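Descriptive analysis of the structure
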Amino acid sequence: MNLSVPMDVPARSRERYRRRYQALTAGTGRLMLFAGDQKVEHLNQDFFGTGISAQDADPEHLFRIASHGRIGVFAAQMGLISRYGMDYPDVPYLVKLNSKTNLVETQQADPYSAQWMEVSQVQEIAEESGLNILGVGYTVYLGSEEESSMLAQAAQIVTCAHREGLLTVLWMYPRGRAVRDERDPHLIAGACGVAAALGSDFVKVNYPRGPQAASDFREAVLAAGRTGVVCAGGSSDSPHAFLSRLHDQIHISGAAGNATGRNIHQKSLEEAVRMCNAIYSITVENRSLEEAMEVLEG
Amino acid sequence: MNLSVPMDVPARSRERYRRRYQALTAGTGRLMLFAGDQKVEHLNQDFFGTGISAQDADPEHLFRIASHGRIGVFAAQMGLISRYGMDYPDVPYLVKLNSKTNLVETQQADPYSAQWMEVSQVQEIAEESGLNILGVGYTVYLGSEEESSMLAQAAQIVTCAHREGLLTVLWMYPRGRAVRDERDPHLIAGACGVAAALGSDFVKVNYPRGPQAASDFREAVLAAGRTGVVCAGGSSDSPHAFLSRLHDQIHISGAAGNATGRNIHQKSLEEAVRMCNAIYSITVENRSLEEAMEVLEG
Amino acid sequence: MNLSVPMDVPARSRERYRRRYQALTAGTGRLMLFAGDQKVEHLNQDFFGTGISAQDADPEHLFRIASHGRIGVFAAQMGLISRYGMDYPDVPYLVKLNSKTNLVETQQADPYSAQWMEVSQVQEIAEESGLNILGVGYTVYLGSEEESSMLAQAAQIVTCAHREGLLTVLWMYPRGRAVRDERDPHLIAGACGVAAALGSDFVKVNYPRGPQAASDFREAVLAAGRTGVVCAGGSSDSPHAFLSRLHDQIHISGAAGNATGRNIHQKSLEEAVRMCNAIYSITVENRSLEEAMEVLEG
Amino acid sequence: MNLSVPMDVPARSRERYRRRYQALTAGTGRLMLFAGDQKVEHLNQDFFGTGISAQDADPEHLFRIASHGRIGVFAAQMGLISRYGMDYPDVPYLVKLNSKTNLVETQQADPYSAQWMEVSQVQEIAEESGLNILGVGYTVYLGSEEESSMLAQAAQIVTCAHREGLLTVLWMYPRGRAVRDERDPHLIAGACGVAAALGSDFVKVNYPRGPQAASDFREAVLAAGRTGVVCAGGSSDSPHAFLSRLHDQIHISGAAGNATGRNIHQKSLEEAVRMCNAIYSITVENRSLEEAMEVLEG
Amino acid sequence: MNLSVPMDVPARSRERYRRRYQALTAGTGRLMLFAGDQKVEHLNQDFFGTGISAQDADPEHLFRIASHGRIGVFAAQMGLISRYGMDYPDVPYLVKLNSKTNLVETQQADPYSAQWMEVSQVQEIAEESGLNILGVGYTVYLGSEEESSMLAQAAQIVTCAHREGLLTVLWMYPRGRAVRDERDPHLIAGACGVAAALGSDFVKVNYPRGPQAASDFREAVLAAGRTGVVCAGGSSDSPHAFLSRLHDQIHISGAAGNATGRNIHQKSLEEAVRMCNAIYSITVENRSLEEAMEVLEG
């Protein structure tokens with residue numbers, strides 16, 4: 001692909017940006033993001049309980065998958081990466097810069113998730129440690145009464161990341177008492193447009209519901225412009241349904257990839273790795289659904 | 001025109017300020033601002049749907065118009081400019097420094113739109129990238145319970161922009177539970193006076209409603225003093241009605257220009273460019289309504 | 001008069017402080033402040049309408065008055081001064097550092113007016129531009145739920161201004177849902193005491209109402225200690241009543257001057273200048289009411 | 001006494017700390033603090049009215065007393081000290097770093113009193129001016145919903161003051177809608193423990209009510225550990241009752257001194273000086289109540 | 001044990017981190033934390049009253065215990081450590097960086113405990129004073145409406161502490177109107193996962209209730225990953241019940257230690273020291289319950 005480095009990446013960082021972008025997408029512009037930030041977002045619900053592999057109870061499970069499976073990048077908080085990174089030095093990391101728990105529900109208070117670290121701190125740790133950090137991520141809750149703080153932090157994160165040649169992924173979720181339907185395709189397209197205005201490299205959004213989802217979602221991909229749209233994997237699903245939807249997202253909607261957590265890590269290591277590879281085969285290697293199912297089934 | 005450089009522009013920046021002011025207004029003191037910040041302000045409502053050209057679904061449409069049409073400046077967020085600026089290097093840009101979505105309505109909470117970037121960051125990116133950035137913009141919601149934060153940020157933006165020789169446009173909108181009539185001409189004049197007190201080069205306000213609008217609006221132009229008053233284009237309208245109103249704004253009210261978004265970009269590229277040129281002919285080239293209609297019709 | 005430079009003015013700034021104090025009060029310790037900050041505080045109500053000279057619709061009217069009339073200092077926001085200062089270089093300026101509109105009323109939310117600029121920014125602009133800036137002003141709403149922020153900002157402003165040898169005027173207004181009578185003489189005296197604790201050079205307060213106002217007001221002048229008390233001019237009044245009250249404020253209450261806006265600028269330039277001179281003759285030149293009336297009548 | 005310099009005083013400041021501690025307590029470890037910060041806290045209620053000496057209407061009265069009476073330290077805001085310090089250079093000062101008015105009552109909003117100045121600014125003014133500044137003071141309202149801000153500011157003030165070798169006094173007052181009885185001895189002891197955790201040199205608290213007050217108060221003195229407990233003087237009282245209570249505080253409860261305002265400054269200069277000396281004789285010179293009464297009566 | 005230094009500890013600080021970790025856990029990876037921060041958290045309730053040794057009324061009691069008993073680290077606020085550290089130089093300290101009182105209850109307002117000091121200030125005092133400071137601690141109330149501020153401060157504290165080679169302990173307590181059961185084992189496991197995402201060395205949580213507590217708690221130990229889980233001692237209990245539970249926590253649940261306050265310091269010095277030693281014998285020296293009871297009984 002023909003990479004167009006954004007103009008807020010200064011000359012001194014353009015080569016690093018280019019190299020990281022190539023690494024992130026294997027030169028295809030498509031991103032397979034393995035999401036490992038739910039230990040805060042969902043506490044232990046996603047990691048322990050009925051239907052979840054016992055291996056998932058230990059956070060190292062995430063690193064084992066990221067190390068053995070084919071992925072574009074593994075997203076987690078800096079603290080978790082710092083604890084395991086020495087044993088998983090080849091994993092490409094994306095540092096999730098904010099996180100909140102799900103304890104306070106929207107009807108009690110509109111969501112706000114504050115930035116935990118400065119981009120410069122991530123960059124400093126990356127340089128000191130040699131960790132293979134390709135980018136940073138941040139969640140914005142559009143329509144929250146705290147939206148203004150999150151938009152300002154997101155803008156700063158994109159600006160500062162690009163200055164250092166780091167990539168950015170914005171999780172853009174409409175959420176708050178003012179938001180009636182978080183899955184409205186028109187609203188999701190709006191969220192993608194906001195990410196474009198913020199200048200992010202990628203935006204992670206929820207996928208609409210319903211039979212027209214794949215075509216409805218084209219509006220979002222268009223609205224995002226040069227910002228790549230990555231679909232959140234959502235709650236657990238049958239692998240075939242999941243991969244079929246993923247194939248549609250890419251080939252019907254024009255999405256630039258996916259961000260998947262639970263559908264991978266709630267499986268045993270071996271199954272999780274095969275699921276990673278199946279997702280990767282569709283997202284990055286342009287395989288058909290049938291080929292991906294073969295990967296999945298080993 | 002005889003340009004009077006404001007006293008908060010230091011000696012080292014006066015020549016840059018003068019040059020940018022000339023570029024912005026083609027030496028006439030009149031500004032045709034093409035507004036492209038609505039992807040946040042209105043999400044995807046302005047870009048996709050009935051009566052909107054399909055071309056508008058892609059943000060690059062804005063840049064194509066800005067590049068092919070005659071404009072004074074194209075206003076958008078830094079992120080969007082960073083993504084397309086390398087392909088549209090000749091477009092004169094104004095960086096909109098704050099934006100909010102329209103999800104939370106005033107009856108739920110008074111509006112607040114926080115600053116996304118420092119002026120010094122814009123200046124640094126301009127220098128590094130060579131982007132033709134002429135100024136910065138910021139919205140203040142007067143009468144909001146968050147007014148104090150926005151007034152303070154606006155004052156800082158004018159001060160810091162002038163220090164760097166950058167021009168400023170303030171979007172001054174009375175809005176909040178305390179504001180009964182946002183289009184009251186006396187209140188709009190007040191908003192212009194606030195922009196004058198803030199020292200902005202231009203103020204963008206809504207135009208009053210009613211048959212006396214053009215003469216009512218003189219109060220606002222007077223109250224703004226040496227700050228040029230630019231009228232918001234508002235919602236879509238017939239081109240003739242739009243251009244006729246624009247002519248009145250300039251020749252009856254004494255406005256220093258206009259800021260138009262939807263009335264331009266919701267058209268196909270070719271029509272949009274002709275609309276730009278028609279608006280420009282009245283605003284900057286001092287043409288009559290009939291001449292502008294000829295431009296519009298090609 | 002025997003000037004006692006406050007101890008928070010460092011040695012390097014004492015001469016500048018002394019010189020500015022002499023300029024501000026013509027060596028008398030009495031201050032005639034021409035208030036031009038109402039374009040924010042009262043929007044356009046004070047400048048356009050029945051009973052107001054048409055000249056007042058243009059902010060330059062304020063500068064023409066300040067230039068032609070005899071005044072101690074002209075108070076306005078930095079932005080406005082920056083726009084006109086090059087044409088009125090001899091006017092002595094006081095930069096009002098905060099302002100708010102009157103749109104949100106106290107019963108909706110307690111008043112808060114945030115600082116727009118740092119004193120160091122004012123000082124820098126003064127040095128770069130050569131503007132004759134003698135001091136800075138700031139409003140505190142005592143009894144507002146936001147009082148703590150304003151007291152802290154006021155303390156910083158006095159400290160930083162004195163460090164630079166700039167004079168300070170604090171507008172001290174009890175206002176908020178907790179304040180039952182803003183004109184209670186005992187409360188006004190309290191406000192003067194707060195200004196003294198903040199170390200301001202001058203405090204601007206409202207004058208009590210009622211036949212005993214002049215003697216009641218002595219309590220405030222005493223409470224202010226070495227901080228000079230300046231009476232707000234208030235709403236429009238007949239010139240004779242205004243000047244008579246002013247004479248009482250100085251000679252019965254012991255006030256150190258007055259701060260007048262509407263009673264001056266709502267008149268035509270010629271009348272406004274004569275009003276300035278009449279006020280100045282009482283405040284600074286120690287004239288009798290009759291002499292001042294002669295000045296007023298030309 | 002055997003002074004134990006706290007470990008957050010760095011080596012370079014230990015001698016200054018020691019010298020100031022000796023000055024503050026005349027080498028006894030006991031503190032007589034003359035409180036002059038009420039012009040903000042109580043507005044003009046404490047300074048003008050029935051039963052108050054007319055001399056008290058002028059803030060200079062406080063400095064005259066501090067200069068002629070025997071005191072450990074005179075506490076006031078920096079602004080007030082800056083205005084009078086040149087004429088009262090020998091007075092030992094303690095700069096009160098926060099203050100609020102009493103206009104907003106607790107049932108309307110929980111109390112918050114924000115820091116006005118940084119310790120480094122006090123230190124800089126002390127060095128520039130030669131003012132004899134021995135320490136700084138700050139009020140914390142425990143149990144207020146704003147408690148967290150005040151605890152954090154208090155911790156910073158102690159840390160920064162000790163770094164400069166300045167002493168600290170914390171006014172610890174349980175106050176807020178959650179506080180049922182501000183004078184509960186157990187709660188006052190808790191407040192003393194908080195001051196100990198903050199590392200303050202002295203803590204000023206209210207004295208319990210009731211016949212067992214002196215013995216009840218021992219709990220507080222114990223809880224404060226190495227932080228000296230100073231009793232607030234409270235509202236006006238007969239001198240004999242006041243001095244008798246003071247004697248009990250020191251000899252029964254083990255208090256390290258007292259902080260008295262109204263019981264001193266509401267008297268004429270001569271009486272106020274005698275009251276100071278009587279208080280000082282008990283607090284610092286270890287006199288009996290009878291001896292103190294003789295001092296009081298001249 | 002085989003210590004894996006986290007990757008956010010830069011090369012220059014790794015040796016210090018390693019040395020402190022060894023000191024903290026005596027090379028076992030198990031931590032016995034003696035908690036002395038309750039003078040703020042619980043005011044004087046834990047230190048004075050029925051069933052509490054009279055020695056506990058004086059804060060020095062805590063230091064005497066920490067000095068004579070066997071402990072891993074003594075946690076208290078910097079201010080308290082500064083006052084006594086010169087007399088107890090051998091005690092290993094952990095500086096608790098935030099604290100709040102218990103006056104405002106959750107039904108009135110969700111809990112927020114603000115950071116009192118920067119890690120860099122702790123580090124500076126440690127270097128200047130020679131105090132044996134091994135780490136820092138901080139409390140996060142998950143599920144509070146103020147959670148976002150505390151998560152961001154916690155992330156900064158871990159990052160800054162590790163940069164200096166200091167260890168971290170996070171007190172993770174679900175608390176707020178949104179939290180129905182603070183002792184729900186699944187929720188406690190979630191809290192441990194958050195601490196892991198924050199990258200803390202240790203997390204202090206409450207122990208579940210009920211007969212299955214020890215096995216239920218395994219989920220939390222697993223969720224914490226490489227972050228050691230330390231159980232809060234809780235309210236006073238019989239020593240045998242306490243030690244038995246502690247033994248279960250370590251040997252059934254897999255906890256990395258305990259944090260005990262009241263169960264130690266409410267005893268006389270001699271008993272408290274024996275209790276420390278008994279706890280230490282189980283936690284660090286791997287003794288049986290019977291051996292620990294012998295230690296307890298001398």
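Here goes a summary of the coordinates provided. Quantities reported herein were computed from a predicted structural model and do not represent experimental measurements. (Residues numbered from 1 in each chain as written. Chains lettered and ligands numbered in written order. Predicted model: local features only at pLDDT ≥ 70, side-chain atom pairs only at ≥ 80, totals over all residues. Heavy atoms only, no water.)

1. Re the environment of Asp-8 of chain B
Residues and elements named next belong to chain B. Basically, it comes down to this: Secondary structure follows DSSP: runs of H or I at least 4 residues long count as helices, runs of E at least 2 residues long count as strands, and numbering of each begins at the N terminus. Only protein chains enter the accessibility calculation, which uses a 1.4 Å probe; a residue whose area is less than 20% of its type maximum is buried, one above 50% is exposed, and one in between is partly exposed. Pairs of N or O atoms are called polar contacts if they sit within 3.5 Å, as long as, within protein, a hydrogen donor faces a hydrogen acceptor (for residues adjacent in sequence, only side-chain-to-side-chain pairs).
By the secondary structure assignment, Asp-8 is in the segment before α1 (11-25). You can call Asp-8 buried: its relative accessible area is 6%. When the C-alpha atoms of Asp-8 and Cys-160 are compared, they prove to be 9.0 Å apart, with 152 residues separating the residues in sequence. At a separation of 2.8 Å, a polar atom in the side chain of Asp-8 contacts the side chain of His-162.

2. Looking at the relation of the copies chain C and chain B
Heads up, the condition is: The atoms used to superpose the copies are C-alpha atoms, taken from residues with pLDDT of at least 70 in both, and the fit is least squares.
Rotating chain C by 72 degrees and translating it 0.0 Å along the rotation axis places it on chain B, where the RMSD comes to 0.0 Å. Such a turn and shift between the copies fits a five-fold axis.

3. Looking at the pairing of strand β3 (residues 93-96) of chain A
All names here are of chain A. Put simply, the rule is: Paired strands are those between which DSSP finds at least two bridges. If the strands point away from the viewer and the path from the first strand over the helix to the second runs clockwise, then the crossover is right-handed.
Of the two faces of β3, the one holding Tyr-93 and Val-95 and the one holding Leu-94 and Lys-96 are both buried throughout. Looking at chain direction, strand β2 (residues 73-76) and β3 are connected through three bridges and run parallel. Bridged to Phe-74 within β3 is Tyr-93. Assessed by its sense of winding, the connection that carries the chain from β2 through helix α4 (residues 78-84) to β3 is right-handed. Summarising the sheet, β3 and strand β4 (residues 133-142) pair through four bridges and their orientation is parallel. What sits directly across from Tyr-93, in β4, is Ile-133. Taken together, β3, helix α5 (residues 119-129) and β4 form a β-α-β motif whose crossover is right-handed.

4. Section: the side chain of Ser-99 of chain E
Selection criterion: By definition, residues are in contact when any of their heavy atoms lie within 4.5 Å.
With respect to the element layout, Ser-99 of chain E can be found in the loop between β3 (93-96) and α5 (119-129). Among the residues examined, Ser-99 of chain E registers a relative accessible area of 2% and is labelled buried. Apart from residues no more than four positions distant in its own chain, Ser-99 of chain E is found in contact with Leu-151 of chain D together with Asp-37, Val-40, Glu-41, Gln-77, Ser-113, Ala-114 and Trp-116 of chain E.

5. Quick notes on the sheet that holds strand β6 (residues 202-205) of chain B
All names here are of chain B. Quick note on the threshold: Axis geometry follows a simple rule: fit a line to the C-alpha atoms, using only the stretch in contact for helices, then measure angles between N-to-C directions, giving values from 0 to 180 degrees.
The sheet built from eight strands closes into a barrel, its strands ordered β1-β2-β3-β4-β5-β6-β7-β8 with parallel pairing. Going across the sheet, the axis of each strand differs from the next one's by a mean of 25 degrees, ignoring polarity. By the bridge criterion, three bridges tie strand β5 (residues 167-174) to β6 in an arrangement that is parallel. Of the residues in β6, the one forming a bridge with Val-169 is Phe-202. Running at roughly 145 degrees to β5, helix α7 (residues 185-198) makes contact with β4 (133-142), β5, β6 and β7 (228-232) of the sheet.

6. A few points about the interface of chain A and chain B
Applicable threshold: For any pair of parts, buried area is found by adding up, for both, the accessible area (1.4 Å probe) each one loses once the two are put together. Every case where a carboxyl oxygen of Asp or Glu lies within 4 Å of a side-chain nitrogen of Lys or Arg is listed as a salt bridge.
Between chain A and chain B, the residue contacts involve 47 residues of the former and 39 residues of the latter. Where chain A abuts chain B, roughly 3300 Å² becomes buried across the two surfaces, and 60% of that area is made up of carbon and sulfur atoms. Ranking the residues of chain A by area buried against chain B places Met-7, Ala-197 and Arg-226 of chain A at the top, with a combined share of 23%. Taken together, chain A and chain B are joined by four salt bridges. The partner of Arg-226 of chain A in a salt bridge is Glu-60 of chain B, and the shortest N-O contact between them spans 3.2 Å.

7. Section: the environment of Tyr-112 of chain B
Along the chain, the position of Tyr-112 of chain B falls in the loop between β3 (93-96) and α5 (119-129). Sequence separation between Tyr-112 of chain B and Asn-98 of chain B is 14 residues; the distance between their C-alpha atoms is 9.6 Å. Residue contacts for Tyr-112 of chain B: discarding those within four places in its chain leaves Ser-148 of chain A together with Lys-100, Glu-146, Ser-149, Met-150 and Gln-153 of chain B.

8. Details of the pairing of strand β6 (residues 202-205) of chain D
Residues and elements named next belong to chain D. Of the two faces of β6, the one carrying Phe-202 and Lys-204 and the one carrying Val-203 and Val-205 are both buried. By the bridge criterion, four bridges tie β6 to strand β7 (residues 228-232) in an arrangement that is parallel. Counterpart to Val-203 in the pairing with β7 is Val-229.

9. What about the interface of chain C and chain B?
Applied cut-off: Under the scheme applied, nonpolar residues are Ala, Val, Leu, Ile, Met, Phe, Trp, Tyr, Cys and Pro; charged residues are Asp, Glu, Lys and Arg; polar residues are all the others, including Gly.
Each partner contributes to the interface: chain C provides 39 residues, whereas chain B provides 47 residues. Carbon and sulfur atoms supply 60% of the area that chain C and chain B bury against each other, a total of about 3300 Å² over both sides. Summed over the shared surface of chain C and chain B, the number is four salt bridges. Asp-201 of chain B is the partner of Arg-83 of chain C in a salt bridge, and the nearest nitrogen-oxygen pair spans 2.3 Å. Between the two partners, chain C and chain B, sit 15 residue pairs in polar contact (both at pLDDT 80 or more). Sorting the residues of the side of chain C that touches chain B by element identifies α2 (38-41), α4 (78-84) and α5 (119-129) of chain C as the ones contributing at least two each. The element best represented in the side of chain C that touches chain B is α4 of chain C, accounting for six residues. Grouping the amino acids of the side of chain C that touches chain B by side-chain chemistry returns 18 nonpolar, 12 polar and nine charged.

10. Considering helix α13 (residues 289-296) of chain C
Residue and element names in this part refer to chain C. Put simply, the rule reads: The arc in question is the one spanned by the directions pointing from the helix axis to the C-beta atoms.
All of the buried residues along α13 are Leu-289, Ala-292, Met-293 and Leu-296. Angularly, the buried residues of α13 cover 100 degrees about the axis, an arc narrow enough to put them on a single face. In α13, the exposed residues that point more than 90 degrees away from the buried face are Glu-290 and Glu-294. Here the buried face of α13 lies against α10 (239-253) and α12 (269-283). At the C-terminal side of α13, Gly-298 shows a positive phi close to 75 degrees.

11. Notes on the side chain of Asp-37 of chain C
All names here are of chain C. For Asp-37, the location among the structural elements is in the loop between β1 (31-35) and α2. Given a relative accessible area of 4%, Asp-37 falls into the buried group. A distance of 3.3 Å separates polar atoms of two side chains, one belonging to Asp-37 and the other to Lys-96. With near-sequence residues (within four places) excluded, Asp-37 lies in contact with Ala-75, Gln-77, Lys-96, Ser-99 and Trp-171.

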